Structure formats: C-alpha cells, structure tokens
Protein chains: 2
Amino acid sequence: MRSIIYIAAILFLYKHTKALDNGVALTPPMGFMANMATFPIETLIRQQAQLLVSGGYLSAGYEYIIIDDCWLNMTRAPDGTLQPDNKRFPSGIPALADYVHSLGLKFGIYEDYGTETCAGYPGILGHLEQDANTFAQWGVDYLKLDGCNVDVAQMDTGYPEMGALLNKTNRQIGYSCSWPAYQEFSKITPNYTAIADSCNLWRNWADIDDSWESVYAIIQWFADNQDRLAPHHGPGHWNDADMLVIGNFGLSPAQSRAQMALWSILSVPLILSVDLHTISDWAKDIILNKNLIAINQDPLGAMGKRILKLSNSIQVWSKPLLNDRTAFVVLSPEPYGTPIHVSVSLENLGLTRYQDYDFFESFDSKYIGKYHYNQVFNFTVNPSGDVFAFYTSPPH
Amino acid sequence: MRSIIYIAAILFLYKHTKALDNGVALTPPMGFMANMATFPIETLIRQQAQLLVSGGYLSAGYEYIIIDDCWLNMTRAPDGTLQPDNKRFPSGIPALADYVHSLGLKFGIYEDYGTETCAGYPGILGHLEQDANTFAQWGVDYLKLDGCNVDVAQMDTGYPEMGALLNKTNRQIGYSCSWPAYQEFSKITPNYTAIADSCNLWRNWADIDDSWESVYAIIQWFADNQDRLAPHHGPGHWNDADMLVIGNFGLSPAQSRAQMALWSILSVPLILSVDLHTISDWAKDIILNKNLIAINQDPLGAMGKRILKLSNSIQVWSKPLLNDRTAFVVLSPEPYGTPIHVSVSLENLGLTRYQDYDFFESFDSKYIGKYHYNQVFNFTVNPSGDVFAFYTSPPH
C-alpha cells in the first residue's frame, strides 16, 4: 500500500508546484525578519546574518534574512529608483545583499503595494515594473509586499501584476503577499485560488505580537478557517501565520514549544524574530529542533488541521506526512496548573488504515510504542499553552 | 540622618507586631502549597518537603509546606474530630507534621470557615474550638482558612473568633484568612483594621492561575487599591496576592522575573506552587534570588506602591527598605517586541532627601552608578511583562 500513497504524494507535489511558476518555496520558507526597531542599522543586520550562520540556524534551514519596513529613504532617486536611508544602510542594498549571499543566506526585503508603506515610506504603486527590476538587480531573493495605503479592491489585480513582473525579471524571488490579510480584515472573502496562483506565501490575518494571547488567537483563527485555507496550501504557495516570537519576552518555554509545534503542523513559514545575540539556550533548542523542522518542511506540504476538540479546551491537530506517517499536536491552552491525562482512540485520530502504528514523540523522536488500530492512546499534556506532539508511522 | 530613620523603623516594627499577638509572620510568610491534584498523596508531599530542604529553598526562607483542599475524610470521627482521607494520608496528619518538622520545615493545612470546604469536605463551622485544638495537637503551624459555603456577613465575627481560639491553644499558628477576598467579590468593603487585628495574612482578591493575564490582573488590582490596603500591611499582618506560579507552564522567564519582583516589592507572601521535581534551572534561580527575597523580607514590611505611570503602559513601583534604601520595579506589560528606553528623574522617583544616591540592579545587586538628586536615570526595560528592578541607597 505504501507505494500507492507515495505516488499520490508525488502527483500532489507536481500539481502544486506549478502555481507561481518561479520554483520558489517548495517547502515553507524559513528565515529571520529583522525588526527595524530592534536592529536599526546595517551593522546589526550583518551581525544577525553572521549569527544565523555561526549559530547553526542556516544549516537547520533558516536561510532568509529579511529586512522589514523603515529601510527606505523618504524619496525616490531622480530617475524614480527606490533608494535606502543611507544613514541606516551606508553600504547600500546591493552590497548588503552581496554580503548576505556570501554567507550562504538569501536576502529578503519589505515593500508595500500602496502609495506609501505602513510607516510612511514610498510604496510601489505607479512603479511596479521599475521596482521589480530594481529588486532583481539588487539581488533580492524574497519580497514581502504589504498592503497599507491602497484601496483593498485594487489588490486583486495589483498583487498578480507585481507577481508577474517579478517573474519576468528571471530572478527567483519569493513573493509574500499581504493581500488576503487586508481582505479578511475588510470582510472581503479572498480569492485564495488567485492568490495561490500569484504568490508564494501570503499573510492571512493579524500581525503577531509577543504574547501567548496573540499566538493562541492566530492558532484559533487558522483552525476556524482551515477548510477554506487548506485546499490552497502546498509546495510553492503557503498560508502564513506570521513570525515565530519564540525567544522574545512573552512566551513561556511551554508556549514556545506550542508555537513551534503548531507552526510545523500547519506547514507555515518559520520566520524568526528573536535577537540572536541574546537568545536563551532553551529557546534556541526549540527553534533548531530537527524533528519539528522536518515536520514543517515535509515535502507533502499539507496544512494540518484541528481534528478534535476534547474537554478542558484541549484540541488535537493532525497533518499527513510523506510515507503515510501522520504528525499530531495536542494543545492544552487553559491555565489549570496541573498536567491533564488524555485518552483518545486511534479511530478518533483517523488511524484505521493499518493494523498497527508505531508512535513517536515529535520533539525528540523518542519511540513511544506500538498501538493496534482499535486501541486507545493515553498520554499527559501540561496546561497553560503546552503541547504534546507525536507522530505515527505504519510498521515497516 | 540615618539614625533617625532607623529609630522610626524600629517604632514602626513595634507598632505592627502587636496585631494578632501570636508572634508569627514578622516578615511575609514563605513556603510551598501542595496542590492536591498535582500531588495527591502523602508520599509525594514528603518528597516535595525533602526537595524544599535539599534544593536550598528552606535555607533561602521557604519554610512552610502547606497542604491544600482535599486532604479531609468526608466525615468527622464519632467524637467530632476532623480526620484525613486515610488512603491519601495513610500515616495520618500528626505523623506527616512530625516528618515535616524533622526536616526543619513548618507545617500548614487548609480548612474552610463554612459548613464545607470549596471541594465539599467538612468545614469548621460549628466546630471552631475543637478544630483549633485539633490543629494545635497535630502540630499545625499555619492554617489557611477559606470561605466557601458560608454567609459572607458571618465572616466579620467568625474569622476573629477562630483567630482567638487558635491563639488560645498557645501554639504559634500562622492564620491566613480568605475573609476579605470573599467580601471584595461580594462588593462589601472589608474592615481591614479588624482583619489585620485577627489574621496574620489574608487573601484579598482572585485566585491566581498559571498565566500572565492572571498575574498582571492581580498586580493591577493591588495598584488600583493600594491606598486602602497599604496602611494595614506590615510585620505580623500581610495582604496576600496569592501564590507564585513561577516554574509552572504559563509564564515566560521575563514574566517570572516580574512576578518575583512585584511580589517582593509588595511584601506579600512567597508561596511556591511549582513541582520541585521538574523545576527548570532558570525558574529555580528566580525563586531563590537572594536579593529579591531580601527585598520581600525587609524588616520594615512596607507594602510597595505604584508611584508612576509612564507611556507605553510602563509603570514604576517603589517601596521603602530599612536604612533609607528604596526598592524600585519598572514593569513593561505590553507585547511590543522590542526593548524600551526609559528616562525618569530622581525627583519623580521620590529621591530628593539626599544629595546623591547609589543605584544597584536588584536581581544581582550589581552597582549601576551614583546619581545626583537633580539628575535623570536612564535604563532599558524589555516588553511583554519583563521588569527592570533596582534599588537605591544613600551614600555611606
């Protein structure tokens, strides 16, 4: 049976990688977003880039370093070319991109589809082709295109236009669209088919902040909207739940494990926002966890779904992996103070195709045991935002 | 000038230690509350007691081990004596208390002033004198008396009655009253003068849970009500903000530092709720921080107050310490993601009595520098619930 599943997986891959036709982001993008308030100057961005390499983040898969809003000069050059704030970026963007590339990293940049960015710097409206060419000439590998200061109705034509112009440069530029996020907030139902045809990834909903409240609200939003999001999600085109805030100040270790596990099972981009100079060991261990990253980067690229709601607000998520394995995350969001014992049948987990399944804990790949399809799986999950993460495999 | 301040401090101590007249709790009680769901049996409580000693908690000041609701048998003995659930406590309470004492710890127990405890076990109503004598005979050093299942109007006479009966046993029993918490929730203004005369400590408000939301709500409640709470607070009689949840699952390291710093500056009891078997090193370091404990246990016993609200919801707390030192905590509750630079004048900090002040960081007592009373103090505080804690001392 496994060979049939495998072929199905290959077909699934083939079908989806056609989307934007730029060959980019066949697994969820992984990288680092430099918040310009934290790291106001080029020197600090270069230091973070170095730390992405020396700290083992690049070898784990975090390959993009992306600069956020506030990198621009308030005016374009006389010929209309975008130019950076030369006090913040004295070497200029091409030199910074070269440096990033010399480290083996990819270089991402922020712009806005409107007349101005959210912070009031020049947007691309009226300069789409020129700016696409500028980004390609500068060596940009990833463009996050925000949607401030423009009519939301204009986005359905504007974002695809910019996607086509980026492709026309013949440079592979990952294209991150804020398009549906603005539509969702304006109560306009996004055309996710069109979005997936034009963008490699797209922010769907609220900006994350450094709190469990925010992380959990995003998790709930994705669960509540999973049936309309998941069909458009896969290699080359990804829903985006926003950055990992692990390692900042607001999440406990348990809640950090939860963000890593949920972002992995959702197959959404893993974009770091932590200061790599001061990150604690426990946060680094979570961010660099090989097994969770492998679940996130699984080639099937399926968007995991919330499949069960149990008592005490406990929820079970699952996602199919290559080779008929399945990843699960059990989230216990409520602050009850004591670990909770959970029993769930393999039938309720959707594990009925094989006679037996091997169960493994996901964070350390520790073997849990073999279970028959008509058995019950018992485990303990800590409260207050912790998770129990596991995956199953049919017997070999 | 220092000698005058010191004499004032001694007078302040003398005035306040008269309260319940039992000589207990001259500094805020410190200990460990065994949640009966986490540690359902006597064996586990004995293990936690051992860990309080071997882990260095007792030598740091955490001297009480207190068992929470659910220790009782559903019925009293034929002679009316309270009896424990003998499956959960096979050795009985006196043997457990002896064991706790043999480790150098003090033994606390939970009961309820009503007909039943909150979990439905026998309350003390109708048995006050018998139960006070039973606790004394058993070797109980601390009684937490909850207020479920009784008319709140009855508390103003009932709690003092039990306090007097406990004192009559001639055993020093710390007396923790839930009395004002039930009144606050019933919108009855508690008579804190009477409460401070009858109780060593009293829960004022909501039960804490394992989340920053809960910790921050309690901090805000104490700030909003500080002017009516602080006058009744001091050696022998303490407002109680509920347990430390540091080391459980819901607080980040930053938020854990915040709880430790705020509980210390409030001079409220430090009662642990973490499983000492599995506590992480960073949480243990915060809980055992010598300087924060010294601020909490400062002999003046003043309740710290919120003295300033700055932009970005940043708030400054201060508390006078012995020898004209002053402890400060700056709390930055909002999840902005980046550290915030703060400037505040010594005048606004209330530091105008001396020409110069030495500033020290509180968590590690690191010397920051000397400031003149007309200078401005600049520092950085992380967001999302972190704190910057410092103290000042006049020059020696």
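None of these values were measured; they are calculated from a predicted model.

A.B. asks: So what exactly am I meant to see when it comes to the overall build of chain A here?
C.D. replies: Check the secondary structure of chain A and you find 13 helices and 16 strands. Principal axes of the C-alpha set define a box for chain A whose edges measure 70 × 40 × 40 Å. In chain A, which comprises 396 residues, the proportion classed as buried is 59%. Long-range pairs, those at least 24 residues apart, make up 72% of the contacts in chain A with a sequence separation of at least 6. For chain A, the accessible area works out to roughly 15100 Å², and carbon and sulfur atoms hold 51% of it.

A.B. asks: I tried to follow the state of the cysteines on my own but got confused; where do I start?
C.D. replies: In protein structure, a disulfide is the covalent linkage between the sulfur atoms of two cysteines. One pass over the structure, following the stated rule, counts four disulfides over all chains. Two residues, cysteine 118 of chain A and cysteine 148 of chain A, share a disulfide whose sulfurs are 2.1 Å apart. Here the disulfide of cysteine 118 of chain A and cysteine 148 of chain A is right-handed, its torsion about the S-S bond being about 100°. With cysteine 118 of chain A in the loop between β3 (106-112) and α5 (128-138) and cysteine 148 of chain A in the loop between β4 (142-146) and α6 (155-168), the pair connects residues that are 30 residues apart, well separated along the chain. Disulfide pairing places cysteine 177 of chain A opposite cysteine 199 of chain A at an S-S distance of 2.1 Å. Negative torsions about the S-S bond denote left-handed disulfides, and the value of about -95° found for cysteine 177 of chain A with cysteine 199 of chain A makes this one left-handed. On the criterion of sequence distance, the pair formed by cysteine 177 of chain A in strand β5 (residues 174-177) and cysteine 199 of chain A in the loop between α8 (192-198) and β6 (201-203) is long-range, its members being 22 residues apart. Counting only the cysteines that take part in disulfides, in the order they occur along chain A, gives the pairing 1-2, 3-4. Here cysteine 70 of chain B stays free of any disulfide, with the sulfur of cysteine 118 of chain B as its closest cysteine sulfur at 9.7 Å.

A.B. asks: Whenever I open this one, the sheet that holds strand β1 (residues 30-34) of chain A confuses me. Can you help?
C.D. replies: Backbone-to-backbone hydrogen bonds join strands into a sheet, with any given pair of strands oriented parallel or antiparallel. Residues and elements named next belong to chain A. An order of β7-β6-β5-β4-β3-β2-β1-β8 is seen for the eight strands of this open sheet, with the pairing classed as parallel. Of all the strands in the sheet, just β7 (238-240) and β8 (270-272) have a single pairing partner and so form its edges. Neighbour-to-neighbour, the strand axes of this sheet turn through a mean angle of 25°, independent of strand direction. As defined by bridge partners, β1 adjoins strand β2 (residues 64-67) across four bridges and the pair is classed as parallel. For methionine 33, the partnering residue across the bridge sits in β2 and is isoleucine 66. Against the sheet, helix α4 (residues 93-102) engages β2 and β3, with an angle of about 145° to β3.

A.B. asks: Please explain the pairing of strand β2 (residues 64-67) of chain B as it appears in this structure.
C.D. replies: Within a regular beta strand, the side chains point alternately toward one face of the sheet and then the other, so they alternate between its two faces. Residues and elements named next belong to chain B. On β2, burial covers both faces: Tyr64 and Ile66 on one face and Ile65 and Ile67 on the other are all buried. As paired elements, β2 and strand β3 (residues 106-112) share three bridges and run parallel to each other. Looking at the pairing, isoleucine 65 lines up with phenylalanine 107 of β3. Traced from β2 through helix α4 (residues 93-102) to β3, the parallel crossover comes out right-handed.

A.B. asks: Any chance you could explain the relation of the copies chain A and chain B here in plain terms?
C.D. replies: Relating one copy of the chain to the other requires a rotation about an axis plus a shift along that axis. In the superposition of chain A on chain B (RMSD 0.0 Å, axial shift 0.1 Å), the rotation amounts to 180°. The two molecules are tied by a two-fold rotation axis, judged by turn and shift. Identified as the residue of chain A closest to the rotation axis by C-alpha distance is serine 252 of chain A, at 1.8 Å. A high fraction, 100%, of the interface residues of chain A reappear at the interface in chain B, so the copies pair face to face through one surface.

A.B. asks: Looking at this structure, how should I read the sheet that holds strand β6 (residues 201-203) of chain B?
C.D. replies: Residue and element names in this part refer to chain B. Read from one edge to the other, the open sheet built from eight strands follows the order β7-β6-β5-β4-β3-β2-β1-β8, with strand pairing classed as parallel. In this open sheet, the two strands that pair with only one neighbour each are β7 (238-240) and β8 (270-272). Taken pair by pair, the neighbouring strands of this sheet meet at an average axis angle of 25°, ignoring direction. Across the sheet, α4 is in contact with β2 and β3; its angle to β3 comes to roughly 145°.

A.B. asks: I'm lost on the interface of chain A and chain B in this one. Help?
C.D. replies: How big an interface is tends to be stated in terms of the accessible area lost upon association of its parts. Listed per partner, the contact involves 21 residues of chain A and 21 residues of chain B. When the buried surface of chain A facing chain B is broken down by residue, Phe249, Pro335 and Thr338 of chain A rank first, second and third, together holding 36% of it. Inspection of the chain A/chain B interface yields zero salt bridges. The interface formed by chain A and chain B includes six residue pairs in polar contact (both at pLDDT 80 or more). A per-element tally of the side of chain A that touches chain B places helix α11 (residues 253-265) of chain A first, with three residues. Residue composition of the side of chain A that touches chain B, by class: eight nonpolar, ten polar and three charged.

A.B. asks: Looking at this structure, I do not really get the pairing of strand β11 (residues 326-332) of chain B. What am I missing?
C.D. replies: Residue and element names in this part refer to chain B. Burial within β11 is extensive, with seven of its seven residues counted as buried. With burial as the criterion, each face of β11 is covered, one bearing Thr326, Phe328, Val330 and Ser332 and the other bearing Ala327, Val329 and Leu331. Relative to β11, strand β10 (residues 315-320) is paired through six bridges, and the arrangement is antiparallel. Looking across to β11, one finds that valine 316 is bridged to valine 330. Taking the residues that link successive antiparallel strands as the turn, the β10-β11 hairpin has five residues, and the phi of asparagine 323 there is positive, at about 65°.

A.B. asks: How do you make sense of the nonpolar core when you look at a structure like this?
C.D. replies: Inside soluble globular proteins, nonpolar side chains tend to come together where they are buried. Within the largest apolar cluster, 108 residues are counted, with the highest numbers of intra-cluster contacts made by Tyr62, Trp71, Ile109, Met162, Tyr175, Trp263 and Leu272 of chain A. No other element matches the eight residues that helix α9 (residues 212-224) of chain A contributes to this core. Each of domain 1 (2-296) and domain 2 (305-393) of chain A accounts for three or more of the residues forming this core. Not counting the four nearest positions on each side in its chain, isoleucine 109 of chain A is found in contact with Ile66, Ile67, Trp71, Ile93, Phe135, Trp138, Val140, Tyr142, Leu143 and Lys144 of chain A. Of all hydrophobic cores here, the second largest spans 106 residues; its members include Val24, Tyr121, Trp238 and Met260 of chain B.

A.B. asks: What is the right way to look at the domain arrangement of chain A in this model?
C.D. replies: All names here are of chain A. Split into domains, chain A comes out as domain 1 (2-296) and domain 2 (305-393). Centre-to-centre, using C-alpha coordinates, domain 1 lies 30 Å away from domain 2. Counting residues at the interface gives 29 residues for domain 1 and 26 residues for domain 2. Taken over both partners, the interface formed by domain 1 and domain 2 buries close to 2400 Å², and the fraction arising from carbon and sulfur atoms is 62%. It is Arg257, Ile265 and Ile295 that lose the most area in domain 1 upon contact with domain 2, and together they represent 25% of the buried surface on that side. Linking domain 1 with domain 2 are three salt bridges, by the criterion used here. Among the salt bridges present, the one from aspartate 227 reaches lysine 305, with a minimum N-O distance of 3.3 Å. One can count 13 residue pairs in polar contact (both at pLDDT 80 or more) joining domain 1 with domain 2. Contributing elements (two or more residues each) for the side of domain 1 that touches domain 2: α1 (2-17), α9, α10 (226-229), α11 and α13 (290-296).

A.B. asks: I'm lost on the environment of arginine 325 of chain A in this one. Help?
C.D. replies: Residue and element names in this part refer to chain A. Along the polypeptide, arginine 325 turns up in the loop between β10 (315-320) and β11 (326-332). Residue classification places arginine 325 among the partly exposed residues on the basis of a relative accessible area of 26%. In this view, arginine 325 contacts Asp298, Lys319, Pro320, Tyr391, Thr392, Ser393 and Pro394; residues no more than four positions away in its chain are not counted. One polar contact links the side chain of arginine 325 to the main-chain carbonyl oxygen of leucine 322, over a distance of 3.2 Å.

A.B. asks: Honestly, the packing of helix α9 (residues 212-224) of chain B against helix α11 (residues 253-266) of chain B in this entry has me stumped. Any pointers?
C.D. replies: Between two packed helices, the angle of one axis relative to the other and the distance separating the axes together describe the packing. Residue and element names in this part refer to chain B. Relative orientation of the contacting elements α9 and α11 amounts to 25°, with a least axis distance of 11 Å. Here α9 is positioned roughly parallel relative to α11, judged by the angle of their axes. For the pair α9 and α11, the sense of crossing is left-handed. Contacts from Trp212, Val215, Ile218, Ile219 and Phe222 in α9 reach Gln255, Ala258, Gln259, Leu262, Trp263 and Leu266 in α11. Looking at side-chain class alone, the contact of α9 with α11 contains nine nonpolar, two polar and no charged residues.

Conventions and cut-offs
- Residues numbered from 1 in each chain as written.
- Chains lettered and ligands numbered in written order.
- Predicted model: local features only at pLDDT ≥ 70, side-chain atom pairs only at ≥ 80, totals over all residues.
- Heavy atoms only, no water.
- Helix = DSSP H or I, 4+ residues; strand = E, 2+ residues; numbered from the N terminus.
- Buried < 20%, exposed > 50% of the residue type's maximum accessible area, 1.4 Å probe, protein only.
- Contact = heavy atoms within 4.5 Å.
- Areas by Shrake-Rupley, 256 points an atom, 1.4 Å probe, with all protein chains shown as cover.
- Disulfide = S-S within 2.5 Å.
- Pairing = 2+ DSSP bridges.
- Axes fitted to C-alpha atoms, helices over the stretch in contact; angles between N-to-C directions.
- Right-handed = clockwise from strand over helix to strand, strands pointing away.
- Least-squares fit on C-alpha atoms with pLDDT ≥ 70 in both.
- Buried area = accessible area lost by both parts, 1.4 Å probe.
- Salt bridge = Lys/Arg side-chain N within 4 Å of Asp/Glu carboxyl O.
- Polar contact = N/O pair within 3.5 Å; in protein donor to acceptor, adjacent residues only side chain to side chain.
- Nonpolar A, V, L, I, M, F, W, Y, C, P; charged D, E, K, R; others polar.
- Core = buried A, V, L, I, M, F, W, Y, C linked by side-chain atoms within 4.5 Å.
- Domains from an automatic or database assignment.
- Parallel < 35°, antiparallel > 145°, perpendicular 65-115°, else oblique.
- Left-handed = near helix turned anticlockwise from the far one by under 90°.

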